Amino acid sequence: MAPKKWSMGILNDKETEEVPGSILLIPQSEYQEPLGYPDVEVDNPDAAEPVPAPTPSSLGKPAQDELKRTSDGRFVLDPQPDDNPNDPLNWASWRRDLALLSLGWHCLVGGGQTPVLAAGFREVADEFSVSFGQVALTTGLYMLGLGIGVLISSPLAILYGKRPVYLVGVILFFASSIWAAASQNYVSLLIARIVMGIGVSPCESLPSATIAEIFFLHERAYRVGIYTLLLLGGKNLVPLVSAVIINSMGWRWVFWIVAIIVGFNLFLLYLFVPETFWDRTPHRHRRPSLIRRASSYLGGSGSRSRAGSKSRSTSKSRPTPKSNASSIKNVPLDEPHPEIDDEKKITEAEDIVEQDSRGRHAHFTDPVPRPPPTPPVHIKVAPFDLEKHLAEQLNNPKNKTHQYGNPTTIVPKTFIQSLAVWNGRLRGDSFLRAAIRPVILFLYPAILWSTVVYSLSVGWLIVLSESVAHIYQHHPYNFTPLQTGLVYLSPFIGGILGTAVAGKLSDIIVRFMARRNGGIYEPEFRLIMGLPVAVCTALGLMGFGWSAENKDKWIIPTAFFGIISFGCSLGSTTAITFAVDSYRQFAGEALVTLNFSKNVFHGFVFSLFFNNWLESQGSRTVFLALGGIQLGCLVMTIPLYIYGKRLRMWTVRANYAGKWS
């Protein structure tokens, strides 16, 4: 039976409902089957029509009652954590939150480096005898460094882990801060800012992927909101603090103090942000632990049915056949000392052992009679000492880690072990392929939308930081650097409110719509937030420029500045969560795409002409145009909401990024 055409205003794929990104978030009852059983219903003896059997595409999936859930049972955990205590999803909540806060604080400091000189443009211009536009280039080239850095840091993090990349970035950030503070000419300051951008780049390209690795789906939007608050809050709070420093000590002391703080951040990240990589590549058969495999493999007792196995399609009225477990006399071995991990042998043995298993809550009726089962194959081999073999396997250093992937040891790492900076190569990918994948993601409509919205959301705050001194330090306001810095209180408050609303409201909307959609979550549910993003940001931009041109009281453009920040916080949080939820397997690369576009196509490019445009056309014309750009881009949210699910499936079939994996 073909999938229904619509779900909550979203067009379903014509061929399947099993679209990556669509997950069962809220169980409807203990009888509900997981995604992949759209046509299977609980057996009803009074039903007039037989129930279709599971589709072949659904075979091999875990049964609903086998999925792990939250402690209150309200949500199915996604992604499903492994049983290994070293899986970051199994860490204590305080440990995960401490890693987030440590990383978030560093991102606050790093994010604030974009407008760090906003209140001191005049002082820098006077010292080096350059124009305001040339001073604004220190911001643009810093963002160019960010763009270059994300293209380098993300592939390195994919291949070698995020922890060494974070730590190297902090060291580079620390060194470039000292360089900027000691710069004796304009060119030296420009170069120091480029290097600083490269050092800060891990703060932008990696944390959202880190959040996706240590938090479940139902926890993620709130944590992404916290990260966004700290990152964007830095862009609003740091200029306020730097204005106080510039007013009392001069602009150079801004960078000296930044160097001191970054040195402290190196200590925090080293202690509290361990490596979070965990390979969650889906496999057709998730193999249980070594001991469990061996015991079920040898004795056949206590075996559980794999969801979607052929035994699930038997009728309720059909008598249960006797177990064939007894027919397995010995372990099917090719050598005197076998490898228990042999996938093929394990699968064959499980197929025999588990033929007597049935679904626990639902029984399925065959639409047509099935032929009798094929008699099991009896394999006789020499017995061996199981305990001795297991001891050898567990003590073998080769089994402590895969060549590339997760540690297989079930012993929790100690705190000292978690401090290791180098964990070896984590993936067998090439640097070139990892660097090209973020560029390929521009072909993915969901990533392209997120890129545009994120670039606009963060970019407008950067544009404003380049224009604040121009607007507030001239007639009619004539603000001092300290007064100019105090203007940033408004966007800071707006950013806090926007982040709080974005995280909580988005989660509330998602859960409400998932319940109305039979418990199924679609990433497109996040796009509902596009409406407040478009209205708030466009209203703020237009109001800011209009009021500044009309020389209204300073509080009016300042209030509109806060509204802009509110809308930008909504937009950046929505863009990140939508991108990560749509393509979690490319979460790291997606963040590179978003940040590269924001830094280069928006931040750097706008810094080349924005101040000259503002001086020649005036703030009203300029900011009305910016508001129109915002509305025009956000209109594309509507068709993406309708066709987004089909487009996701189209990208899966095309497999553009997968060809470079």
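Residues numbered from 1 in each chain as written. Predicted model: local features only at pLDDT ≥ 70, side-chain atom pairs only at ≥ 80, totals over all residues. Heavy atoms only, no water.

Trainee: I keep staring at the side chain of Thr276 and nothing clicks. Help me out?
Mentor: Tracing the sequence through the fold places Thr276 in the loop between helix H9 (252-272) and helix H10 (290-299). For Thr276, a relative accessible area of 3% corresponds to the buried category. Of the polar contacts made by the side chain of Thr276, one reaches the side chain of Glu213; its length is 2.6 Å. With near-sequence residues (within four places) excluded, Thr276 lies in contact with Pro88, Trp91, Lys162, Thr210, Glu213 and Ile214. (Helix = DSSP H or I, 4+ residues; strand = E, 2+ residues; numbered from the N terminus. Buried < 20%, exposed > 50% of the residue type's maximum accessible area, 1.4 Å probe, protein only. Polar contact = N/O pair within 3.5 Å; in protein donor to acceptor, adjacent residues only side chain to side chain. Contact = heavy atoms within 4.5 Å.)

Trainee: Honestly, the environment of Arg427 in this entry has me stumped. Any pointers?
Mentor: Along the polypeptide, Arg427 turns up in the loop between helix H13 (415-418) and helix H14 (431-440). Given the relative accessible area of 32%, Arg427 is considered partly exposed.

Trainee: Explanation requested: the packing of helix H3 (residues 132-160) against helix H4 (residues 162-181) in the structure shown.
Mentor: The relative placement of two packed helices comes down to the angle between their axes together with the axis-to-axis distance. Interaxial distance between H3 and H4 falls to 7 Å at its minimum, and their mutual angle equals 140°. Between H3 and H4, the interaxial angle falls into the category oblique. Along the contact surface, H3 presents Ser153, Leu156, Ala157 and Tyr160, while H4 presents Lys162, Pro164 and Val165. (Axes fitted to C-alpha atoms, helices over the stretch in contact; angles between N-to-C directions. Parallel < 35°, antiparallel > 145°, perpendicular 65-115°, else oblique.)

Trainee: Sorry, what's going on with empty space enclosed by the protein here?
Mentor: Any space left empty among the atoms is revealed by the rolling of a water-sized probe across them. In this structure the tally under the stated criterion is 3 cavities of 30 Å³ or more. Space inside the largest cavity adds up to approximately 50 Å³. Lining the largest cavity are Leu25, Leu217, His218, Asp507, Val510, Arg511 and Arg526. Among the elements that line the lining of the largest cavity, the one with the most residues is helix H17 (residues 489-516), at 3 residues. The residue makeup of the lining of the largest cavity, split by class, is 3 nonpolar, 1 polar and 3 charged. (1 Å grid on protein atoms, 1.4 Å probe; cavity = no way out; pocket = protein on both sides within 12 Å on 5 of 7 lines; lining within 4 Å. Points joined across faces, edges and corners; volume = space filled by probe spheres on them. Nonpolar A, V, L, I, M, F, W, Y, C, P; charged D, E, K, R; others polar.)

Trainee: Got a minute to help me understand a nonpolar patch on the surface in this structure?
Mentor: A grouping of Phe174, Ile178, Met249, Trp253 and Trp256 is seen on the molecular surface, where their side chains present a nonpolar patch of about 450 Å² in accessible area. Within the element layout of this structure, Ile178 appears in helix H4. (Patch = residues over 30% accessible without salt bridge, like charges linked within 9 Å, V, L, I, M, F, W, Y side chains within 5 Å. Areas by Shrake-Rupley, 256 points an atom, 1.4 Å probe, with all protein chains shown as cover. Salt bridge = Lys/Arg side-chain N within 4 Å of Asp/Glu carboxyl O.)

Trainee: Teacher, can you tell me more about unusual backbone geometry here?
Mentor: Note: most residues except glycine have negative phi, and most peptide bonds are trans. Omega for the bond connecting His475 with Pro476 falls within 30 degrees of zero, at 10°, which places this linkage in the cis form. Position of Pro476 among the secondary structure elements: in the loop between helix H15 (445-472) and helix H16 (481-486). Despite not being glycine, Met8 shows a phi value in the positive range, around 55°. Looking at the secondary structure, you find Met8 in the loop between strand E1 (6-7) and strand E2 (10-11). At Lys551, a residue that is not glycine, the phi angle is positive and equals roughly 55°.

Trainee: Even after reading the chapter, I still don't get the pattern of salt bridges, so can you show me in this structure?
Mentor: Two side chains carrying opposite charge are able to pair once their charged atoms lie near each other. Under the counting rule described, the total for this entry stands at 13 salt bridges. A salt bridge links Arg648 to Glu524; its shortest N-O distance comes to 2.8 Å. With Arg648 in helix H22 (residues 637-654) and Glu524 in the loop between strand E4 (520-521) and helix H18 (530-549), the pair connects residues that are 124 residues apart, well separated along the chain. Glu524 shares its class with Arg648; the two are buried.

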